[in-house]
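Close look at the chain arrangement
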Amino acid sequence: MTKAHPHRSVFLILAAALAASSCTSGKSREGAEGSEATPQTRASSTLTIKGSDTMVILAQNWAQAFMDANPGKVLQVSGGGSGTGLAALINGTADLANASRPIKDKERKQLMKRRAAEAQEFRVALDSLAVYVPAANKIESLTIPQLKKIFRGQTTNWKDVGGEDRPIVLYSRENNSGTYAYFKEHVLDNEDFAATAQTLPGTAAVINAVSKDVGGIGYGGIAYSEGVRTVMVAPPDGDPVEPTMENATSGKYPLSRFLNIYSADEPSGIAKEYLDFVLSPKGQAVVEGVGYYPLPREATAAAE
Amino acid sequence: MTEQVLDAGEHHAPAANSGRRITVRPHRARSGLASSFKTPLWHRVAERTIAVLALAAIAAIALIFIFIAREAVPMFWEVEFAEEVEIRDLFFAKEWNGYDEPVFIWQPVGEPAKFNVVPLFVGSLKVTLLAMLMSVPLGIGCAMFIALYAPRAVREVVKPVIELLAGIPSVVLGFFALMVLASWAQATFGFHFRLNAVVAAIGLALTIVPVIFTIAEDAIQSVPQTLNEAALALGARKYQVALRVVLPAALPGIAAGVVLGFGRAIGETMIVLMASGNAAIMELFDFTTSVRTVTATIAAELGEVAQGDAHWRVLFLLGVMLFAVTFVLNIVGDLAIQRLQKKLTAES
């Protein structure tokens, strides 16, 4: 009776590993459903897109619209984080990577080394990285230096930044997130997040946690801001700015960024068709429908 | 030795047990196979086949270990790895730039990346210990009640329901802990962290209780009815029989359940990933802080890294270490159980 146990718990580790792998692939949608692809055309008409959780809903809407317009073509979109998408591009398991941060030099080199391909960047939408507090928190605005101190763990009470006397609870993203990397670079000057920052998988999870925690503060893409308040953010030497479309487009809002799609070498075939669609007025209309900001006109023109 | 005790239960009280047992457990039948009459050829073939299958399990474990280790060990000689990470920083505190004291930090993204595994193991052990503290008394208590006290009608409802608990997917329990338990716990106890070790441990306990319960209940059922009857005949009260006769006799089996529950707890991923907040805080004694466990770290980060990267190697090292911890604890648990059994059978 006792002899069986060591083996069984060993299998639990296996199960953990399986959970790890299914965790990242679990979000892929059933792209094949309803398509009329024949086995012969499948290879050239299937596109795997992976990456940013911030962009996953956007990418799914793009894919849906693209598949509606091009019957027989199958797009598989999944999230997991910008780093996950770029790693998949490097490892050759994805054709395109969504990323809410620019690619790192290290990743460029890895792509060159493993697939002998040059990473190509396409800016596809504009986002304001919003700072969220629960609806009950009355704080109006925070400056970038204040945000840095808060997320570094040096400011630990809301009263130190003009709020109520209440401890601050930090919500951050998993470190495979492009949003995490962007925030770390632009707000923390590449210093570490406080160890007490809780990391949650996905902006939706952060929003949900912040909305339930009176002392909470979190950050994420603008399209998700439901049930929480966004705080105005002031650059180190300026007035507080609201994360609206105009302020993002004009570059006034200090935390606005481009959302990108990366390909290995110049895209061709279905990947190119998809990218053309994304950058077309129709594709940019999808961006607005999801809650992000379409590219400013000049940027679209430059991309074409 | 085990089989003797267990089989005695089977032989002496088949009538009492037959109504309760739903499933037939193969290990009970094992010793019955050995027989004195001449074994037909197909028996021997079957035995060999079974032996091969059993060895295949061992081979599978060895291979899994080798393949995990193979991804981790190049860190000890790879130049690329050495450029990014010093091996000693994986285990010891270091005073990094921008910190005023040596710290244990897990910050795998950044310049420089900081991979200290200590807070992760502290997190895993904290959650596991807490979950065990909750589920061991509950599981054993439940088992004793169901096996010794509960009227038949109650037993027939409660036992399947507890066993059904084991069938709930951990992601569902994790979701429950994340959305419902966490809010309730914070409102009740006023935790600073809404998601913390306590919440995750409660979620975990829900998965371990059925494991411990099922095995403990089996062990208690398998105690020979004769012991029970003898004690009663000598004038012992029911609770005396339960605590001083049945419980000690069933202890090795119960301990086995606890060891198995521990393995389940430390290896569980989804619940802790969802309900523990995943902040790698180096804090030994405060159980109300958020924790980041080894399993959750692997699950959350492995999808991100490029193969062969320093981060990739460290994550596999975590896997190897977790494997080793579970393995050693299982062996220690097994030895303890064997010793216990020897002691018990010597006395009886």
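Residues numbered from 1 in each chain as written. Chains lettered and ligands numbered in written order. Predicted model: local features only at pLDDT ≥ 70, side-chain atom pairs only at ≥ 80, totals over all residues.

Some thoughts on the overall build of chain B
Looking only at helices and strands, one finds 14 helices and 2 strands in chain B. The proportion of buried residues among the 348 residues of chain B is 42%. (Helix = DSSP H or I, 4+ residues; strand = E, 2+ residues; numbered from the N terminus. Buried ≥ 20, exposed ≤ 12 C-beta atoms within 10 Å, placed from the backbone.)

Quick notes on the overall build of chain A
Tallying secondary structure elements over chain A gives 12 helices and 10 strands in all. Classification of the 304 residues of chain A by burial places 50% in the buried group. Long-range contacts, defined as pairs at least 24 residues apart, comprise 73% of the intrachain contacts of chain A with a sequence gap of at least 6. (Contact = placed C-beta atoms within 7 Å.)

Points about unusual backbone geometry
What is expected of a backbone is that most residues other than glycine have negative phi and most peptide bonds are trans. In this structure, D265 of chain A is a non-glycine residue whose phi angle is positive, near 65°. Along the polypeptide, D265 of chain A turns up in the loop between β10 (256-264) and α10 (270-279). Backbone geometry places N278 of chain B, a non-glycine residue, at a positive phi of 60°. Along the polypeptide, N278 of chain B turns up in the loop between α12 (270-275) and α13 (294-301).

Section: the nonpolar core
Residues and elements named next belong to chain B. Of all hydrophobic cores here, the largest spans 169 residues; its most connected members are A177, V199, A200, A201, L204, I212 and A275. Ranked by the residues each element gives to this core, the list is headed by helix α9 (residues 197-221), at 18 residues. Apart from residues lying up to four places away in sequence, A275 is in contact with G174, A177, L178, A182, L195, V199, A200 and G203. (Core = buried A, V, L, I, M, F, W, Y, C linked by C-beta atoms within 7 Å.)

Some points on the pairing of strand β6 (residues 169-173) of chain A
The two faces of the sheet receive side chains in turn, since in a regular strand these alternate between them. All names here are of chain A. Across the 5 residues of β6, 5 count as buried, placing the element largely inside the fold. Of the two faces of β6, the one holding V169, Y171 and R173 and the one holding L170 and S172 are both buried throughout. When β6 meets strand β8 (residues 216-221), the two strands line up parallel, connected through 2 bridges. Counted as the bridge partner of V169 is G216 from β8. Where β6 lies against strand β7 (residues 198-200), 3 bridges are found, and the strand directions are parallel. If you follow Y171 over to β7, its bridge partner there is Q198. In this fold, the crossover linking β6 to β7 by way of helix α7 (residues 178-186) has right-handed handedness. (Pairing = 2+ DSSP bridges. Right-handed = clockwise from strand over helix to strand, strands pointing away.)

Notes on the packing of helix α7 (residues 152-165) of chain B against α9 of chain B
Residue and element names in this part refer to chain B. Where α7 meets α9, the axes come as close as 7 Å, and the angle between the chain directions of the two elements is 130°. For the element pair α7 / α9, the angle class is oblique. Both α7 and α9 take part in a crossing whose hand is left-handed. Where α7 approaches α9, its residues I162, E163 and L165 are matched on the opposing element by L206, V209, P210, F213 and T214. Partitioning the contact of α7 with α9 into residue classes produces 6 nonpolar, 1 polar and 1 charged. (Axes fitted to C-alpha atoms, helices over the stretch in contact; angles between N-to-C directions. Parallel < 35°, antiparallel > 145°, perpendicular 65-115°, else oblique. Left-handed = near helix turned anticlockwise from the far one by under 90°. Nonpolar A, V, L, I, M, F, W, Y, C, P; charged D, E, K, R; others polar.)

Some points on the confidence of the model for chain B
Residues and elements named next belong to chain B. Across chain B, the average pLDDT comes to 83, with 88% of residues at 70 or higher. pLDDT under 50 marks residues 1-24. Its contacts with residues more than four places away, or in other chains, come to 24 contacts. With a pTM of 0.73, the predicted complex shows an ipTM of 0.71. (pLDDT = per-residue confidence, 0-100.)

Focus: helix α5 (residues 105-115) of chain A
All names here are of chain A. Turning to α5, its buried residues number three or more, namely E107, Q110 and L111. Each buried residue of α5 sits inside an arc of 100° when the element is viewed along its axis, so together they form one side. Those residues of α5 that are exposed and angled more than 90 degrees off the buried face are D105, K109 and K113. Structurally, α5 contributes buried residues whose contacts are with α4 (82-91), β4 (119-134) and β10. Of the residues one or two after α5, A116 is the one with positive phi, at around 50°. (Arc of directions from axis to C-beta.)

Comments concerning the domain arrangement of chain B
All names here are of chain B. The domain architecture assigned to chain B consists of domain 1 (40-77) and domain 2 (116-344). Using only C-alpha atoms to locate each centre, domain 1 and domain 2 end up separated by 27 Å. Across the contact, 7 residues belong to domain 1 and 7 residues belong to domain 2. (Domains from an automatic or database assignment.)

Examining the environment of T155 of chain A
All names here are of chain A. With respect to the element layout, T155 can be found in the loop between α6 (144-152) and β6. Given 19 C-beta atoms within 10 Å, T155 falls into the partly exposed group. Measuring from C-alpha to C-alpha, the distance between T155 and I168 comes to 8.1 Å, with 13 residues separating the pair along the chain. Setting aside its immediate chain neighbours within four residues, T155 contacts Q146, K149, I150, D160, V161 and I168.

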